[in-house]
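Okay, here's what each chain looks like letter by letter:
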Amino acid sequence: MNEKPKTALGGEVVLPVVLIVASVAYSIEALRTLRPFQEGTAGPSFFPIVISAVMLAALASLLWSSLKGRKKKGEAVALAEPIKVVLVTVGYIALFQPAGYFLSTTAYVLALLYVFRFKARNVFVTVLWALLIAGACFVLFSEIFRIRLPKLGGII
């Protein structure tokens, strides 16, 4: 009977709004400092900008659902995982150019698997999944979309 009334600005609304603001700020900075299109083709910054656009679409959908009242569970919103995802994404963005696509993306996928508590049989299988995901994204963006991705030392 001591149930607190839900407000329109609960965690289900505030968290997506904060993440949307962070994603928009990142997108603006990425577009301002990096050139997504160089010489008529997509450049190395195009991949993080695509990820940011997908994240914005997902967050907008989540916010819309929250505002429409579809997510009324009455439980506290855990902020630890979203904060970890934002920090891991900031690290990914910082490493993308200097470490190259493949190394930074593999590390990013490994970190996300850890944040989302992916349970594999052993560490080798987890690393294998990260390599496969990074490799599949490499083929998609580099070979199919013909986007030049940054390489570590010009090799990988």
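Going by the structure above, here's the rest.
Read on for an overview of the structure. (Residues numbered from 1 in each chain as written. Predicted model: local features only at pLDDT ≥ 70, side-chain atom pairs only at ≥ 80, totals over all residues. Heavy atoms only, no water.)

According to the stated counting rule, one finds six aromatic pairs in the structure shown. Put simply, the rings of Tyr92, Phe96, Tyr101, Phe102, Tyr108 and Phe138 touch in pairs and so form one group of aromatic residues. (Phe/Tyr/Trp six-rings, centres within 6.5 Å; stacked < 30°, edge-to-face > 60°.)

Here we take up the environment of Lys84. When you line up the elements, Lys84 lands in helix α3 (residues 80-99). A residue is classified by how much of its surface remains accessible, and Lys84, at 34% relative accessible area, is partly exposed. (Helix = DSSP H or I, 4+ residues; strand = E, 2+ residues; numbered from the N terminus. Buried < 20%, exposed > 50% of the residue type's maximum accessible area, 1.4 Å probe, protein only.)

We now examine α3. Counted at 1.5 Å a residue, the expected span for α3 with its 20 residues is 28 Å, and the 27 Å between its end C-alpha atoms agrees. Of the positions making up α3, those classed as buried are Glu81, Pro82, Val85, Thr89, Tyr92, Phe96 and Ala99. Downstream of α3 by one or two residues, Gly100 has phi in the positive range, about 85 degrees. (Expected span 1.5 Å × (residues − 1).)

On the surface, Phe118, Phe124, Leu128, Trp129, Leu132 and Ile133 cluster together to form a nonpolar patch covering roughly 590 Å² of accessible area. Counting through the fold element by element, Trp129 comes out in helix α5 (residues 123-144). (Patch = residues over 30% accessible without salt bridge, like charges linked within 9 Å, V, L, I, M, F, W, Y side chains within 5 Å. Areas by Shrake-Rupley, 256 points an atom, 1.4 Å probe, with all protein chains shown as cover. Salt bridge = Lys/Arg side-chain N within 4 Å of Asp/Glu carboxyl O.)

Let us now look at the packing of α3 against helix α4 (residues 101-115). Direction vectors running N to C along α3 and α4 enclose 170 degrees, while the axes themselves pass 8 Å from each other. Here α4 runs roughly antiparallel to α3, going by the angle between their axes. In this structure, α3 contributes Glu81, Lys84, Val85, Val88, Thr89, Tyr92, Leu95, Phe96 and Ala99 to the contact, and α4 contributes Tyr101, Leu103, Ser104, Thr105, Tyr108, Ala111, Leu112 and Val115. In the contact of α3 with α4, the residues fall into twelve nonpolar, three polar and two charged. (Axes fitted to C-alpha atoms, helices over the stretch in contact; angles between N-to-C directions. Parallel < 35°, antiparallel > 145°, perpendicular 65-115°, else oblique. Contact = heavy atoms within 4.5 Å. Nonpolar A, V, L, I, M, F, W, Y, C, P; charged D, E, K, R; others polar.)

Viewed as axis vectors pointing N to C, α4 and α5 meet at an angle of 130 degrees, and their least axial separation amounts to 8 Å. On the basis of their axis angle, the class for α4 and α5 is oblique. At the point where α4 passes α5, the crossing takes the right-handed sense. Touching Tyr101, Phe102, Thr105, Thr106, Val109, Leu110 and Leu113 of α4 are Thr126, Val127, Trp129, Ala130, Leu131, Ile133, Ala134, Gly135, Cys137 and Phe138, all from α5. In terms of residue class, the contact of α4 with α5 is built from 13 nonpolar, four polar and no charged. (Left-handed = near helix turned anticlockwise from the far one by under 90°.)

Here the focus is the environment of Thr126. Position of Thr126 among the secondary structure elements: in helix α5. Sequence-wise, Thr126 and Leu110 are 16 residues apart; in three dimensions their C-alpha atoms are separated by 7.3 Å. Ignoring sequence-local partners within four residues, the contact set of Thr126 consists of Leu110, Leu113, Phe118 and Ala120.

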